[in-house]
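An overview of the molecular structure
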Amino acid sequence: MTRYKVILEYDGTNLIGWQENRQGPSVQSLLKDALERFCGVRPDVVGAGRTDAGVHALEMCAHFDLDNEYDPSTVMRAMNFYLKKSPVCVLNCEIVNQKFNARFSCVNRHYMYVVLNRAAAPVLDKNRVWWVPKKLNIKKMRDAAKLLIGLHDFTSFRASQCQAKSPIKTLDSCRIDKKGDYVVFDFSARSFLHHQVRNMVGTLVEIGLGVPHDINKIFAARNRASAGATAPAAGLYFIRADYATDD
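All chains use their own residue numbering, which begins from 1 and follows the written sequence. pLDDT decides what is reported in this predicted model: residues at 70 or higher carry local features, side-chain atom pairs at 80 or more are listed and counted, and totals for whole chains, interfaces and linings draw on all residues regardless. Each side-chain value is derived from all of the structure's non-hydrogen atoms; neither hydrogens nor water enter the calculation.

What about the overall build of the protein chain?
Runs of H or I in DSSP of at least four residues are treated as helices and runs of E of at least two as strands, each being numbered from the N terminus. When helices and strands are tallied, the protein chain shows 5 helices and 10 strands. To get the radius of gyration, use the C-alpha atoms; to get the globule rule, take the number of residues to the power 0.38 and multiply by 2.2 Å. Whereas a compact globule of 247 residues would reach a radius of gyration of roughly 18 Å, the protein chain reaches 19 Å, a difference of no more than 12%. In terms of overall dimensions, the protein chain has C-alpha extents of about 60 × 40 × 30 Å along its principal axes. A 1.4 Å probe rolled over the protein chains alone gives each residue an accessible area, and that area as a share of the maximum for its type sets the label: buried under 20%, exposed over 50%, partly exposed in between. Here the protein chain holds 247 residues, and 49% of them are scored as buried. Considering only residue pairs separated by 6 or more positions, the protein chain has 69% of its internal contacts joining residues 24 or more positions apart. Exposure was quantified through the Shrake-Rupley algorithm and a 1.4 Å probe, taking into account, for residues, occlusion by the shown protein chains and nothing else. Entry remark: accessible area of the protein chain is about 12,000 Å², with carbon and sulfur atoms responsible for 50%. In this tally Asp and Glu are treated as negative and Lys and Arg as positive; neither His nor the chain ends contributes. Where a charge lies is defined by one atom per residue type: Lys uses NZ, Arg uses CZ, Asp uses CG and Glu uses CD. If the 34 positive side-chain charges of the protein chain are averaged to one point and the 25 negative ones to another, these points end up 7 Å apart. Here, two residues are considered to be in contact whenever any of their heavy atoms come within 4.5 Å of each other.

Structure follows, in structure tokens:
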């Protein structure tokens, strides 16, 4: 049995998310399909994160096991051949130790959220940004974002269907950069609750639009209704996963 680690890029616009189910094409199902066509087996594919429908990835890490050992470049070329009509591609492939797990070996995850803040709606960036036509107050958003960093009970920022055992998480960083008409949010943490990033962005954007949210009061409320709306999936990107070691 040989374990392979792959780095993936995908456009989640027309996908139901990472997880395979019967509702439509997912990242996981497309990868399994490609591997089955390549080597005749349909292995489980484990990702560093389980992105939702419409969410994109620049460097998603995943692993899978195959009975036979192939040259990683052969696996990569074969997967991309069978994925060529899909919105998923393999950027890198390597053989790793059986102890490596794309999900559980991960020590940090990085997400980016992109807001297009201009009067005109996006054309080239359609389905890849959240269009907010009214001007945002970046300073207010940055001041509020600082309060999100650290160890907190993120109950008010988790989805009702979140299956995490605890709402306690540590947010390592939350940066907001203005790049022309784009407002880019960067988040880093070991792990996130379901919809946590989108709910934090939705709250920060509302603050930027003048809604008087108080982050400390939102934390204290431990109630999803106390925070802002959930930002659309289209603007969210899984950037990368960090690993201390691959063995």
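Remarks on the pairing of strand β8 (residues 168-179)
The rule for pairing is simple: two strands pair if DSSP sees at least two bridges between them. Where strand β7 (residues 150-153) lies against β8, 4 bridges are found, and the strand directions are antiparallel. Bridging from a neighbouring strand, H152 pairs with K169 of β8. Sheet analysis places β8 next to strand β9 (residues 182-189), joined by 8 bridges and oriented antiparallel. Bridge pairing in β9 places C174 opposite F187. Taking the residues that link successive antiparallel strands as the turn, the β8-β9 hairpin has 2 residues, and the phi of G180 there is positive, at about 65°.

Topic: the state of the cysteines
Put simply, a disulfide is two cysteine sulfurs that come within 2.5 Å. Going through the model one piece at a time under the given rule, you end up with 0 disulfides. Here C162 is not cross-linked by a disulfide; its sulfur's nearest cysteine counterpart is in C106, at 17 Å. With no disulfide of its own, C174 has C106 as its nearest cysteine by sulfur position, at a separation of 18 Å. What makes C174 buried here is its relative accessible area of 12%.

Topic: the packing of helix α3 (residues 138-146) against helix α4 (residues 196-208)
Between N-to-C directions, angles cover 0 to 180 degrees, with each direction set by a line fitted to C-alpha atoms, over the stretch in contact for helices. It is at 8 Å that the axes of α3 and α4 come closest, and there the two elements cross at 140°. With respect to their mutual orientation, α3 and α4 come out oblique. Along this stretch, α3 crosses α4, giving a crossing that reads as right-handed. Together, K140, M141, A144 and A145 of α3 and L204, V205, I207 and G208 of α4 make up the contact between the two elements. The cut-offs work like this: below 35 degrees is roughly parallel, past 145 is roughly antiparallel, 65 to 115 is roughly perpendicular, and the gaps in between are oblique. If you view the pair so one helix is near and one far, a crossing is left-handed when the near helix is turned anticlockwise from the far one by less than a right angle, and right-handed when it is turned clockwise.

With respect to α4
Given the number of residues in a helix, its expected span is that number minus one, multiplied by 1.5 Å. Along its 13 residues, α4 runs 18 Å from first to last C-alpha, staying within 8% of the 18 Å computed at 1.5 Å per residue. Among the 13 residues that make up α4, 12 are buried, leaving the element largely enclosed by the rest of the structure. The set of residues buried in α4 consists of Q196, V197, R198, N199, M200, V201, G202, T203, L204, V205, I207 and G208. Count one or two residues on from α4 and you reach G210, which has phi positive near 105°.

Describing the layout of surface pockets
Here a cavity denotes grid points, spaced 1 Å and computed from the protein atoms alone, that fit a 1.4 Å probe unable to get out, and a pocket denotes an open set having protein on both sides within 12 Å along at least 5 of 7 lines; residues with an atom within 4 Å of a point are the lining. Grid points are joined across faces, edges and corners, and a volume is the space filled by probe spheres set on the points. In this structure, the largest pocket encloses a volume near 1,200 Å³. Taken together, 37 residues form the lining of the largest pocket, with R50, R103, F192, L193 and H194 sitting closest to its centre. Of all elements in the fold, only β5 (106-116), β8 and α4 reach the threshold of two or more residues within the lining of the largest pocket. Throughout, the ten residues Ala, Val, Leu, Ile, Met, Phe, Trp, Tyr, Cys and Pro are labelled nonpolar, Asp, Glu, Lys and Arg are labelled charged, and all others, Gly among them, are labelled polar. Class assignment of the residues belonging to the lining of the largest pocket gives a composition of 15 nonpolar, 14 polar and 8 charged. The computed volume of the second largest pocket comes to approximately 160 Å³. Around the second largest pocket, the lining residues are L30, D33, A34, R37, F81, Y82, L83, K84, K85 and S86. Residue contributions to the lining of the second largest pocket peak at 4 residues, all from helix α1 (residues 27-39). A per-class count over the lining of the second largest pocket returns 5 nonpolar, 1 polar and 4 charged.

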